[in-house]
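Structure assessment
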Amino acid sequence: MSTVADSSGSTEPLARADLQRQVTQALQAVLPPESLLWTDEQTTPYECDGLTAYRQRPLVVALPSTTQQVQQVLQICHGLGVPVVARGAGTGLSGGAMPHAQGVTLSLSKFNQILKIDPLARTAVVQCGVRNLAISEAAAAHGLYYAPDPSSQIACTIGGNVAENSGGVHCLKYGLTLHNVLGVKGFTAAGEPVEFGGGTLDAPGYDLLALITGSEGMLAVTTEVTVKLLPKPRLARCIMASFGEIRDACHAVASVIGAGIIPAGLELMDKPMTAAVEDFVHAGYDLEAAAILLCESDGTPEEVQEEIGRMSEVLRASGATQIAVSQTEAERLRFWSGRKNAFPASGRISPDYMCMDSTIPRRRLADILHAIQEMEQKYGLRCCNVFHAGDGNLHPLILFDANDPDQLHRAEAFGADILETSVAFGGSVTGEHGVGVEKLNSMCVQFSVAENEQMFGVKRAFDPQGLLNPGKVIPTLNRCAEYGKMVVRQGQLPHPDIPRF
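Residues numbered from 1 in each chain as written. Predicted model: local features only at pLDDT ≥ 70, side-chain atom pairs only at ≥ 80, totals over all residues. Heavy atoms only, no water.

1. Some thoughts on the confidence of the model for the protein chain
Stated formally: Values of pLDDT, which run from 0 to 100, indicate the predictor's confidence residue by residue. Contacts were defined at the residue level, with two residues in contact if any of their heavy atoms lie within 4.5 Å.
Confidence along the protein chain averages 93 in pLDDT terms, with 94% of residues attaining 70 or more. Below pLDDT 50 for its whole length, residues 493–501 participates in 22 contacts with residues either more than four positions away or in separate chains.

2. Comments concerning the sheet that holds strand S15 (residues 320–325)
To be explicit about the condition: Note on pairing: DSSP must find at least two bridges between two strands before they are called paired. Comment: elements are numbered from the N terminus, with helices defined as DSSP H or I runs of at least four residues and strands as E runs of at least two. Think of each axis as a best-fit line through the C-alpha atoms, taken over the contacting stretch in the case of a helix, with angles from 0 to 180 degrees between the N-to-C directions.
A sheet is described by the order of its strands in space; here seven strands give the open sequence S15-S12-S14-S13-S17-S18-S16, paired in antiparallel fashion. The open sheet is flanked by S15 and strand S16 (352–355), the only strands paired with a single partner. Across the sheet, the axes of successive neighbouring strands diverge by a mean angle of 20°, strand direction being ignored. With respect to the sheet, helix H10 (residues 301–317) is in contact with strand S12 (235–243), strand S14 (291–299) and S15, its orientation differing from that of S14 by roughly 155°. Each of strand S13 (265–270), strand S17 (383–387) and strand S18 (396–400) touches helix H13 (residues 365–379); the most contacted strand, S17, lies at about 160° to it.

3. Some points on the layout of surface pockets
Our working definition: The way it works is a 1 Å grid over only the protein atoms, where trapped points that fit a 1.4 Å probe form a cavity and open points with protein on both sides within 12 Å along at least five of seven lines form a pocket, and then any residue with an atom within 4 Å of a point lines it. Grid points are joined across faces, edges and corners, and a volume is the space filled by probe spheres set on the points. All residues other than Ala, Val, Leu, Ile, Met, Phe, Trp, Tyr, Cys, Pro, Asp, Glu, Lys and Arg, Gly among them, are scored as polar; the first ten of these are nonpolar and the last four charged.
The volume enclosed by the second largest pocket comes to roughly 770 Å³. What lines the second largest pocket is a set of 29 residues, among which Asp149, Gln153, His170, Arg332 and Leu333 lie closest to the centre. Sorting elements by how many residues they give to the lining of the second largest pocket places helix H11 (residues 329–340) first, with five residues. Partitioning the lining of the second largest pocket into residue classes produces 15 nonpolar, five polar and nine charged.

4. Points about the nonpolar core
The condition is simple: Here the nonpolar core consists of buried residues drawn from Ala, Val, Leu, Ile, Met, Phe, Trp, Tyr and Cys, with membership extended through side-chain atoms lying within 4.5 Å. For every residue, the accessible area obtained with a 1.4 Å probe (protein chains only) is divided by the maximum for its type, and the residue is called buried under 20%, exposed over 50%, and partly exposed between those limits.
Leu268, Leu315, Ile398 and Phe414 are the most contacted members of the largest nonpolar core, which has 65 residues in total. Not counting the four nearest positions on each side in its chain, Ile398 is found in contact with Asp352, Tyr353, Met354, Met356, Leu381, Arg382, Cys383, Ala411, Phe414, Gly415 and Ile418. Of all hydrophobic cores here, the second largest spans 24 residues; its members include Val30, Leu36, Val104 and Leu468.

5. Quick word on empty space enclosed by the protein
One way to see where empty space is left: roll a probe the size of a water molecule over the atoms. Evaluated as defined, the whole model comprises one cavity of 30 Å³ or more. By volume, the largest cavity amounts to about 40 Å³. Gly50, Leu51, Thr52, Ala53, Asp352, Tyr353, Phe400 and Ala402 together form the lining of the largest cavity. Split into classes, the residues belonging to the lining of the largest cavity amount to five nonpolar, two polar and one charged.

6. A word on the sheet that holds strand S8 (residues 181–187)
The strand order across the open sheet formed by five strands is S5-S6-S10-S8-S9, and the pairing between neighbours is antiparallel. On the outer flanks of this sheet lie strand S5 (114–118) and strand S9 (193–197), each paired with one strand and no other. When strand polarity is set aside, the average angle formed by the axes of neighbouring strands in this sheet is 10°.

7. Observations concerning the packing of aromatic side chains
Counted only if it meets this: Stacked, tilted and edge-to-face pairs are distinguished by plane angle, under 30 degrees for stacked and over 60 for edge-to-face with tilted covering the rest, among Phe, Tyr and Trp rings (Trp via its six-membered ring) whose centres lie within 6.5 Å. Charge-over-ring placement is defined geometrically: NZ (Lys) or CZ (Arg) within 6 Å of the ring centre, and within 35 degrees of the ring normal.
Here the structure, examined in full by the defined rule, presents four aromatic pairs. Relative to Tyr174, the ring of Tyr145 lies with its centre 6.4 Å away and its plane at 85°, an arrangement referred to as edge-to-face. Of this pair, Tyr145 sits in strand S7 (residues 144–145) while Tyr174 sits in helix H6 (residues 171–174); the two residues are 29 residues apart in sequence, bridging distant segments of the chain. Here Tyr379 and Phe414 contribute two aromatic rings whose centre-to-centre distance is 5.3 Å and whose plane-to-plane angle is 20°, an arrangement assigned as stacked. In this pair, Tyr379 is assigned in helix H13 and Phe414 in helix H14 (residues 405–424), connecting sequence segments 35 residues apart. Cation over ring: Arg364 sits above Phe425, and NZ or CZ is 4.0 Å from the ring centre.

8. Observations regarding a nonpolar patch on the surface
Inclusion rule: Patch definition: residues with relative accessible area over 30% and no salt bridge; like charges joined within 9 Å; nonpolar side chains (Val, Leu, Ile, Met, Phe, Trp, Tyr) joined within 5 Å. Each accessible area is a Shrake-Rupley result for a 1.4 Å probe, and residues are judged covered by the shown protein chains and nothing else. The salt bridge criterion pairs a side-chain nitrogen of Lys or Arg with a carboxyl oxygen of Asp or Glu, the two atoms within 4 Å.
A cluster of nonpolar side chains, contributed by Tyr206, Leu208, Leu211 and Val458, occupies part of the molecular surface with about 390 Å² of accessible area. With a relative accessible area of 75%, Tyr206 lands in the exposed category.

9. Points about the side chain of Ser442
Structurally, Ser442 can be placed in helix H15 (residues 440–446). Not counting residues up to four positions away in its chain, the partners in contact with Ser442 are Ala416, Leu419, Glu420 and Val429.

10. A look at the environment of Ser326
To keep it simple, the criterion reads: Each polar contact in these results corresponds to two N or O atoms within 3.5 Å; when the atoms are within protein, one needs to be able to donate a hydrogen and the other to accept it, and residues that are neighboring in sequence are counted only if both atoms are side-chain atoms.
Following the sequence through the fold, Ser326 ends up in the loop between S15 and H11. Exposure remark for Ser326: the relative accessible area of 0% places this residue in the buried category. At 2.9 Å, the side chain of Ser326 and the backbone nitrogen of Cys238 are in polar contact.

11. Let's talk about the environment of Gly183
Its location among the elements puts Gly183 in strand S8. Note on Gly183: relative accessible area 5%, which makes it buried. For the pair Gly183 and Gln153, spaced 30 residues apart in the sequence, the C-alpha separation amounts to 20 Å. Setting aside anything within four residues of it in sequence, one finds Gly183 in contact with Phe196, Gly197, Gly198, Leu209, Glu224, Val225 and Thr226.

This is how it looks when you write it as structure tokens:
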């Protein structure tokens, strides 16, 4: 890379320009002109994913349309030692697809074909750029659907779902992406074809499918996925239960599971969140309730009737002040419309929001929500809470204005406090959104230096040069040391159980 200085003595502008010219010329040999972007105007739309607080324009954006082109792009970048960041629809919320300043963003949006649906085997083979919801739409003619349903399912792609191990509102009963994927095909950083799993329930050798799912684009680039399809339930009904106290709603979650019931969905929204979404979609939510629960049952009509009855009894015994049960499919979808639109609804009441993604044991749900209320006062920012209550996966939305540097700083500190308090409560810093760049510091709290080094060892086995999505997910020793010094110096550690560095 050139280091010739310009008239001001700076070497970076010319160095970047020289590298950009070198990479562009090499990629022009394998990609048509319309599939290669490098000007500021062309690359700005790719500078961030759904985490808009952090932005970086890529050196070059490559938009291949064939697997051969993907392989050739990777081979060229590997030969030049240039980083590669794979990108799907850009709906991720942790900065996992944020570009590398000296690297290529590999956009896989053109890989949007459903290759095969096998109704007998109940599988679908799809390209990585196929939208999550499109799989269910295509399978509906066979009475089948794809179970994982992230709130962004209308836009997010299956390749991104594999990278983040996405879940959704029905993950409690039907599992995350990991539990619904049979096989993944793609390429290593060097352009070597790889295949994990296959079209059957088991595959010979090590279970690397579980390793690649949730690896955030650090081990391989996914181009094709084989997913499981499930029969559409004959009936689904949803309970909307109101609670006058958040603690009662949280205890109700544990009581439902403790009664041996596994609902199809079990979601919680607090009062600020219900107010935001009700104004947006008019779902009929109780605006006086401190929290509402959405509890869904699906299956045969007999199964649903029995389970709805049992859940209603548990909810009443747990202190529910109001209970409404959907009587039609349209009403059920209306109940869910607010939950599904929580993120866009938050965007209407705040210039920006930062969505956290920690997990905690169900018994600590009330504790973390009360802790978040105290943090609102501590950091002077509002927070709306909506989350997968059944499996303890929190999604607090911190509201702020990114145009105000102080608000951004406070939002970052607020988010770190939530994540680290979750760890102190026996949880994890991420459930389904991934680490990306957002949670790198919090990974220093959850994992020891030795554990982080083990994760680096896995990455080196797949990507010795560290070219795939570098600088994300796994914090370096230096980063953890500097973060430890910062939190001790500023007294920001939220809980005495969290180790000090």
